[in-house]
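Structural characterization, general
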Amino acid sequence: MFSSFFPKPKLFFLSAIVWAAVGMAAWYLFARDLGPSLTIGDIFGYGYPVALPDTADDVAKAGFAAQSGFAADLWAYQYMFLCSALFCAFWAFASPHRWFWWSVVASAVIIFVTWFQVQVDVMINDWFGRFYNMVQSALGEAGSVEPAAFYGEIATFAGIALVAITVAVLTRFLVSHYIFRWRTAMNDYYVANWGRLRHIEGASQRVQEDTMRFASIMEGLGVALIDSVMTLLAFLPILWGLSVHVKELPIIGEVPQALVFVAIVWSAFGTSILAIAGIRLPGLEFRNQRVEAAYRKELVFGEDNADRAQPPTLNELYADVRRNYFRIYWNYLYFNVVRYGYLQAGVLIPYIALAPTILAAGFTLGVMQQIIRAFGRVESSFQYLVNSWTTIVELISIYKRLKAFEATLDNEPLPDIEKEAMAGPA
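Definitions and cut-offs
Residues numbered from 1 in each chain as written. Predicted model: local features only at pLDDT ≥ 70, side-chain atom pairs only at ≥ 80, totals over all residues. Heavy atoms only, no water. Patch = residues over 30% accessible without salt bridge, like charges linked within 9 Å, V, L, I, M, F, W, Y side chains within 5 Å. Areas by Shrake-Rupley, 256 points an atom, 1.4 Å probe, with all protein chains shown as cover. Salt bridge = Lys/Arg side-chain N within 4 Å of Asp/Glu carboxyl O. Helix = DSSP H or I, 4+ residues; strand = E, 2+ residues; numbered from the N terminus. Expected span 1.5 Å × (residues − 1). Buried < 20%, exposed > 50% of the residue type's maximum accessible area, 1.4 Å probe, protein only. Phe/Tyr/Trp six-rings, centres within 6.5 Å; stacked < 30°, edge-to-face > 60°. Axes fitted to C-alpha atoms, helices over the stretch in contact; angles between N-to-C directions. Parallel < 35°, antiparallel > 145°, perpendicular 65-115°, else oblique. Left-handed = near helix turned anticlockwise from the far one by under 90°. Contact = heavy atoms within 4.5 Å. 1 Å grid on protein atoms, 1.4 Å probe; cavity = no way out; pocket = protein on both sides within 12 Å on 5 of 7 lines; lining within 4 Å. Points joined across faces, edges and corners; volume = space filled by probe spheres on them. Nonpolar A, V, L, I, M, F, W, Y, C, P; charged D, E, K, R; others polar. UniProt positions renumbered as here; feature names shortened; annotations may be inferred.

Considering a nonpolar patch on the surface
On the surface, a nonpolar cluster with roughly 540 Å² of combined accessible area is contributed by Leu 14, Val 18, Trp 19, Val 22, Leu 82 and Leu 86. Listed by contribution, the elements that provide at least two residues to the nonpolar patch are helix 1 (9-29) and helix 3 (58-94). Broken down by element, the nonpolar patch gets its largest block of residues, four residues, from helix 1.

Quick notes on helix 11 (residues 365-382)
Here helix 11 spans 26 Å end to end across 18 residues, near enough to the 26 Å set by a 1.5 Å rise per residue. With 13 of 18 residues buried, helix 11 is to be regarded as a mostly interior element.

What to know about the packing of aromatic side chains
Inspection of the entire model under this criterion finds 36 aromatic pairs. Where Phe 6 meets Trp 182, the ring centres are 5.2 Å apart and the plane angle is 90 degrees; that geometry is what we call edge-to-face. With a gap of 176 residues between them, Phe 6 in the segment before helix 1 and Trp 182 in helix 5 (residues 147-192) connect regions that are remote in the sequence. There is no split in this pair, since Phe 6 and Trp 182 are both buried. Their ring planes at 40 degrees and their centres at 5.5 Å tell us that Phe 131 and Phe 150 sit as a pair that is tilted. You can see Phe 131 sitting in helix 4 (residues 100-140) and its partner Phe 150 sitting in helix 5, a full 19 residues away along the chain. The exposure class of Phe 131 is buried, given its relative accessible area of 12%. The rings of Phe 2, Phe 5, Phe 6, Phe 12, Phe 13, Phe 87, Phe 90, Trp 91, Trp 99, Tyr 178, Trp 182 and Phe 214 are connected pair by pair, giving a single aromatic cluster.

Details of the packing of helix 7 (residues 203-242) against helix 11
Viewed as axis vectors pointing N to C, helix 7 and helix 11 meet at an angle of 140 degrees, and their least axial separation amounts to 8 Å. The angle between helix 7 and helix 11 places the two elements in the oblique class. The handedness of the crossing between helix 7 and helix 11 comes out as left-handed. Only Gln 370, Ile 371, Ala 374, Phe 375, Arg 377, Val 378, Ser 380, Ser 381 and Phe 382 of helix 11 make contact with helix 7, whose side of the interface consists of Ser 228, Thr 231, Leu 232, Phe 235, Leu 236, Ile 238, Leu 239 and Leu 242.

Re the layout of surface pockets
In this structure, the second largest pocket encloses a volume near 390 Å³. Along the wall of the second largest pocket there are 14 residues; nearest its centre are Phe 70, Asp 73, Tyr 77, Gln 119 and Met 123. Going through the elements one at a time, helix 3, helix 4 and helix 5 are the ones with two or more residues in the lining of the second largest pocket. Of all the elements, helix 4 adds the most residues to the lining of the second largest pocket, at six residues. In the lining of the second largest pocket, the residues fall into nine nonpolar, three polar and two charged.

Quick notes on the side chain of Thr 211
Structurally, the position occupied by Thr 211 is in helix 7. Residue Thr 211 is classed as buried on the basis of its relative accessible area, which comes to 0%. Those residues in contact with Thr 211, other than ones at most four positions away along the chain, are Arg 183, Met 186, Tyr 190, Arg 206 and Leu 402.

Some remarks on the pattern of salt bridges
According to the stated counting rule, one finds four salt bridges in the structure shown. In this structure, the salt-bridge partner of Arg 373 is Asp 121, at a minimum N-O distance of 3.2 Å. A residue pair is termed long-range when its members are at least 10 positions apart, and Arg 373 in helix 11 and Asp 121 in helix 4 qualify at 252 residues. Relative accessible area serves as the criterion here: at 14%, Arg 373 is assigned to the buried category. When its relative accessible area of 16% is taken as the criterion, Asp 121 is described as buried. A salt bridge links Arg 323 to Asp 320, with the shortest nitrogen-to-oxygen separation between them at 2.8 Å. With Arg 323 and Asp 320 both in helix 10 (residues 311-359) and three residues apart, the pair spans about one turn of that helix. Residue class for Arg 323 comes out partly exposed when judged on its relative accessible area of 38%. Given the relative accessible area of 16%, Asp 320 is considered buried.

Section: the UniProt feature "transmembrane region" (unreviewed entry) in the chain
Per the UniProt record, "transmembrane region" (unreviewed entry) is found at residues 12-30, 74-93, 100-118, 154-175, 221-240, 260-281 and 348-368. Annotated as 95% helix and 0% strand, the span residues 12-30 places its first and last C-alpha atoms 26 Å apart. Here residues 348-368 runs as 76% helix and 0% strand, with 14 Å between its end C-alpha atoms.

Looking at the side chain of Ser 4
Mapped onto the elements of the fold, Ser 4 is located in the segment before helix 1. According to the relative accessible area criterion, Ser 4 is buried, its value standing at 10%. With near-sequence residues (within four places) excluded, Ser 4 lies in contact with His 97, Trp 99, Ala 185, Met 186 and Tyr 189.

Printed below as a string of structure tokens:
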């Protein structure tokens, strides 16, 4: 599943985590201060500005701050590109692999673009603060906001959104090819060993369908995990800073960094109850694939052999399908009660947490919008397992099916669930 596409998978993923940690540590310790000396932004006219004199007016200071921020962001992208290039170059020489450009380089590109999209989201969050403060001023006093300023902010958002849409579309195109290459790598590997795998029940479906589903889900979950981590890194400091506006929580009272505290506690609660409610689903999904494969296989045999696929046999096999589906429906019934109840309650959590501050007129409408969006981003990052649980269930069931291939090729006994399914559906 992994060795067919990635070079030395265990070492590869471990090195990626370690290298990311080293790169982040170096950035915060000294690398971000090297921007004025090493950035190539000067070549394109986006370098760090010359320091202003103490007598500079507010307009000049605002321009200086904006140019400095843009130059710093540009240096951050250069640094991330350099770290990614060094990592890819190392693996190109350390372990040459047929799928290097897709498994290593394309993975790095997807991570880089994910970080860019998170930064765009941060820009949008800042825009919401400015725009809703403007709206509050406009609603409070007629004529206090010029039409040019109002439409200018809308144009700013349109520009940011256009960049976000363009990057999202191009990324989706790249990811589609990435998934198919991963599927091709697994397909080629299993087909090359087809003689040893063909006896496993539903082997054809596992090669034809499960490889594609596995690659697609792994990519989706992987990108979602990276996005959650990067979103957390980007928005947690923002939420931490915005927590200064929130002095107390309902019932609890004063809590340091109250918004961060609420986000962590609420997300941990949701992850725990969803894990408990969905603990039986992976096994049921796996067995569902088994009974569906058995029914489909008998129908295929019946196409060429009149003695196969007789009504009594088909009725028995379909009864197994029905029985397993009904069990899945029942388990998803109480799982979805917990899941949707939790998610709907989560919509109200930030407003409840902000209630004392709202009633005390502790901030402006723009600040509240920034807090709500930042809280939502941090909360969703902590809720990675909650938001991905049904997909993870599907992935586990597919992994269990492909694991039978791995066990056979490694001359190991089949997993217990394979033996259990061979004896009949649970």
